[in-house]
Amino acid sequence: MGAGGNMNVTNGGKNVLDRVPVKKTPFEISDLKKAIPQHCFKRDLQRSLYYLFGDIAICFTWYQLASNCIPLLPTPLTYLAWPIYWFVQGSSFMGIWSIGHDLGHHAFSEYQWLDDAIGFVAHSAFLTPYFSFKYSHRSHHAHTNSMEYDEVWIPKRKADTFYSEILNNPLGNLFMTFVRLLLSFPMYFTFNIHGRPYNGFASHFYPNSPIFNDSERKQIWLSDAGMAVAFYVLYKIASATSFTWLFCIYGAPLLVMNAHFIFFTFLHHSHPSLAHFDSREWDWIRGALSTVDRDYGILNHVFHDVTCSHVVHHLISTIPHYHTMEATKAVKPILGDYYKYDDTPILEAFWRETKNCIYVEPDEGDEDSGVYWFRK
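Residues numbered from 1 in each chain as written. Predicted model: local features only at pLDDT ≥ 70, side-chain atom pairs only at ≥ 80, totals over all residues. Heavy atoms only, no water.

### Overview of the overall build of the chain
Let me state the cut-off plainly: Comment: elements are numbered from the N terminus, with helices defined as DSSP H or I runs of at least four residues and strands as E runs of at least two. We compute the radius of gyration over the C-alpha atoms and compare it with the globule rule, which gives 2.2 Å times the number of residues raised to the power 0.38. A 1.4 Å probe rolled over the protein chains alone gives each residue an accessible area, and that area as a share of the maximum for its type sets the label: buried under 20%, exposed over 50%, partly exposed in between. We call two residues in contact when some of their heavy atoms are within 4.5 Å. Accessible areas in this description were obtained via Shrake-Rupley with a 1.4 Å probe; residue shielding takes into account the shown protein chains only.
On a plain count of helices and strands, the chain comes out with 14 helices and five strands. Against the globule reference of 21 Å for 376 residues, the chain gives a C-alpha radius of gyration of 21 Å, in line with a compact fold. Across its three principal directions, the C-alpha atoms of the chain cover 65 × 45 × 45 Å. Put simply, the chain has 376 residues, and 54% of those count as buried. Pairs at least 24 residues apart make up 70% of the contacts formed inside the chain by residues separated by at least 6 positions. In the structure as shown, the chain presents an accessible area of about 17,700 Å², 64% of it carried by carbon and sulfur atoms.

Structure below.
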């Protein structure tokens, strides 16, 4: 809660629902790069590996504790211990996945081949098609908040009455929350749910999908092969142990990781103060600035600050995660009101956005502006 007891006021005294300016920015990306200390652009392989292997060690520790200690507990306590393990392990999985995301942005080392090799293994281990996501995510960064060309979290329009009317109520919000957190991760990769419309079958697993260009299709096959190997390994593990054991140790934490991904990416790109633009008004820098930094408490550290430094990440995606907070502080004075930070408690913010960010439309009387705002 912010100043004066108003839950929409940040600790800095600003109303978090105040709109970000939509006029053309008085600064360029070159001005922002000059403001950031040069060492923030350095990709330190040793330091990057430290974070990666640190996360792997944490996951291994949780695994050892769960597999060796929880079965020894009295049965009633296991019903508490397992969900705790699922949450902490799923959160730790998200930390490794976030490093895989950095690898796809070439923000890990100076060697593109090494970034791709490690990212391919890391993301395949969490049933994510590495190259497929790398290429569609690159397009997302190139077209953020474009009504026509963004790749993910494309907002609905009022004319889509299934969302603007049928689901626009508390029960509908609960239903959509359940669907988003449980199913959206695999459905996005499989059927392009939340993605832009394409002519033809759009899927991250289909090499001939219109999501990709011809130079990328061979690596989509490689992504599929990585997924096939991962599923085979999981099948062998389940055969050697049991499906129940595999679900408790790996499957349930993976669902938590998937929910984390959907939760924070939804909140990155859904806020009443942020605009979307059609082709009449969109430009890259205003699109990149149409995202929001939020405070997830200790999870900021677990997720390597992807939650609280997302704005600067959209501006310069090759900055390693261990420099993004410093880079954010450096550019904030230049960004001014173009920078959006919301410290609303995160569960409260999620529920607010599910209620208030149902569809987008231009302001009344300004229908030809090319600027769209969330409505409910």
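On we go.
### Side note on the confidence of the model for the chain
Under the convention used in this document: The pLDDT value expresses, per residue, how confident the predictor is, ranging between 0 and 100.
Residues with a pLDDT of 70 or more make up 97% of the chain, whose mean pLDDT is 95. Between residues 1-6, whose pLDDT stays under 50, and residues either more than four places distant or in other chains, the model counts nine contacts.

### Considering the environment of Ser209
Cut-off, in case you're wondering: N or O atoms closer than or at 3.5 Å make up a polar contact, with two conditions inside protein: a donor-capable atom paired with an acceptor-capable one, and, for residues adjacent in sequence, both atoms drawn from side chains.
Relative to the elements of secondary structure, Ser209 occurs in the loop between helix H7 (170-191) and helix H8 (217-240). Counting along the chain gives 169 residues from Ser209 to Cys40, while the straight-line C-alpha distance between them is 36 Å. Look past the residues within four positions of Ser209 in its chain and what remains in contact with it is Phe201, Ala202, Ser203 and Arg217. A polar contact is formed between the side chain of Ser209 and the backbone nitrogen of Ser203, at a distance of 3.2 Å.

### Some thoughts on the nonpolar core
The tendency in soluble globular proteins is for nonpolar side chains to be buried side by side. Defined as follows: Only buried residues count toward a nonpolar core, which is a set of Ala, Val, Leu, Ile, Met, Phe, Trp, Tyr and Cys residues joined through side-chain atoms within 4.5 Å.
Counting 49 residues, the largest nonpolar core has Trp97 and Met257 as its most contacted members. Of all the elements in the fold, those that place two or more residues in this core are helix H2 (45-69), helix H3 (75-104), helix H4 (112-125), helix H5 (130-142), H7, H8, helix H9 (243-269) and helix H14 (346-356). When residues in this core are grouped by element, the largest group, ten residues, is from H9. Ile285, Ala288, Leu289 and Leu315 belong to the second largest nonpolar core, which has 20 residues in total.

### Topic: the packing of aromatic side chains
Just so we agree on the cut-off: Stacked, tilted and edge-to-face pairs are distinguished by plane angle, under 30 degrees for stacked and over 60 for edge-to-face with tilted covering the rest, among Phe, Tyr and Trp rings (Trp via its six-membered ring) whose centres lie within 6.5 Å. Any Lys NZ or Arg CZ found within 6 Å of a ring centre and within 35 degrees of that ring's normal is scored as a charge over the ring.
One pass over the structure, following the stated rule, counts 29 aromatic pairs. Ring plane angle 65 degrees and centroid distance 5.4 Å describe the contact between Trp153 and Phe266, whose orientation is recorded as edge-to-face. On the criterion of sequence distance, the pair formed by Trp153 in the loop between H5 and helix H6 (161-166) and Phe266 in helix H9 is long-range, its members being 113 residues apart. Trp153 gets classed as buried once you look at its relative accessible area, which sits at 10%. Residue Phe266 is classed as buried on the basis of its relative accessible area of 2%. Members of the aromatic cluster, joined through ring pairs, are Trp97, Phe133, Phe185, Tyr188, Phe189, Phe261, Phe264 and Phe303. The ring of Trp373 carries Arg19 above its face, with NZ or CZ at 4.0 Å from the centroid.

### Brief notes about the sheet that holds strand E5 (residues 371-375)
Applied cut-off: Think of it this way: DSSP has to see at least two bridges between two strands before they count as a pair.
Reading across the sheet, the three strands line up as E1-E5-E4 and stay open at both edges, with antiparallel pairing between neighbours. At either margin of the open sheet sits one strand with a lone partner, and together these are strand E1 (276-277) and strand E4 (359-361). Pairing geometry for E4 and E5, over three bridges, is antiparallel. Each bridged residue has a counterpart across the sheet, and for Tyr359 the counterpart in E5 is Arg375.

### Here's the deal with unusual backbone geometry
The backbone of His304 sits at a positive phi, close to 60 degrees, despite the residue not being glycine. Checked against the element boundaries, His304 lands in the loop between helix H11 (298-302) and helix H12 (310-315). A positive phi is found at Asp305, a non-glycine position, where the angle reads about 65 degrees. For Asp305, the position within the fold is in the loop between H11 and H12.

### Digging into the packing of H7 against H14
As a reminder of what qualifies: All axes are obtained by fitting lines to C-alpha atoms, using only the stretch in contact for helices, and the reported angles, taken between N-to-C directions, cover 0 to 180 degrees. An angle counts as roughly parallel when it lies under 35 degrees, as roughly antiparallel when it exceeds 145, as roughly perpendicular when it falls between 65 and 115, and as oblique in every other case. Handedness of each helix crossing follows the sense of rotation of the near helix against the far helix: counterclockwise by less than a right angle gives left-handed, clockwise gives right-handed.
The N-to-C vectors of H7 and H14 enclose an angle of 115 degrees; their axes lie 10 Å apart at closest approach. As far as their axial angle goes, H14 and H7 are roughly perpendicular. Seen along the crossing, H7 lies across H14 with a hand that is right-handed. Residue-level contacts link Pro170, Asn173, Leu174, Thr177, Arg180 and Leu181 of H7 to Phe350, Trp351, Thr354 and Lys355 of H14.

### Quick word on the pattern of salt bridges
We apply this condition: By salt bridge we mean one thing: a side-chain nitrogen of Lys or Arg within 4 Å of a carboxyl oxygen of Asp or Glu.
Following the criterion strictly, the structure yields 16 salt bridges and no others. In this structure, Asp278 engages Arg280 in a salt bridge whose closest nitrogen and oxygen atoms are separated by 2.6 Å. The exposure class of Asp278 is buried, given its relative accessible area of 6%. Looking at Arg280, the relative accessible area reads 47%, which means it is partly exposed. Residue Arg352 is joined to Glu353 by a salt bridge in which the shortest nitrogen-to-oxygen separation is 2.8 Å. Classification of Glu353 as buried rests on a relative accessible area of 0%. Overlapping salt bridges, with partners in common, bring together Lys24, Glu281, Asp283 and Arg286 in one network.

### Notes on a nonpolar patch on the surface
Condition: Patch criteria: residues need more than 30% relative accessible area and no salt bridge. Like-charged residues are merged within 9 Å; nonpolar side chains of Val, Leu, Ile, Met, Phe, Trp and Tyr are merged within 5 Å.
Taken together, the side chains of Phe178, Leu182, Leu183, Met187, Phe191, Ile193, Phe201, Tyr206, Phe243, Phe247 and Leu255 present a nonpolar region at the surface, about 1,000 Å² in accessible area. For the nonpolar patch, the elements supplying multiple residues, two or more each, are H7 and H9. Ranked by residues supplied to the nonpolar patch, first place goes to H7 with five residues. Within the fold, Met187 resides in helix H7. Given the relative accessible area of 32%, Met187 is considered partly exposed.

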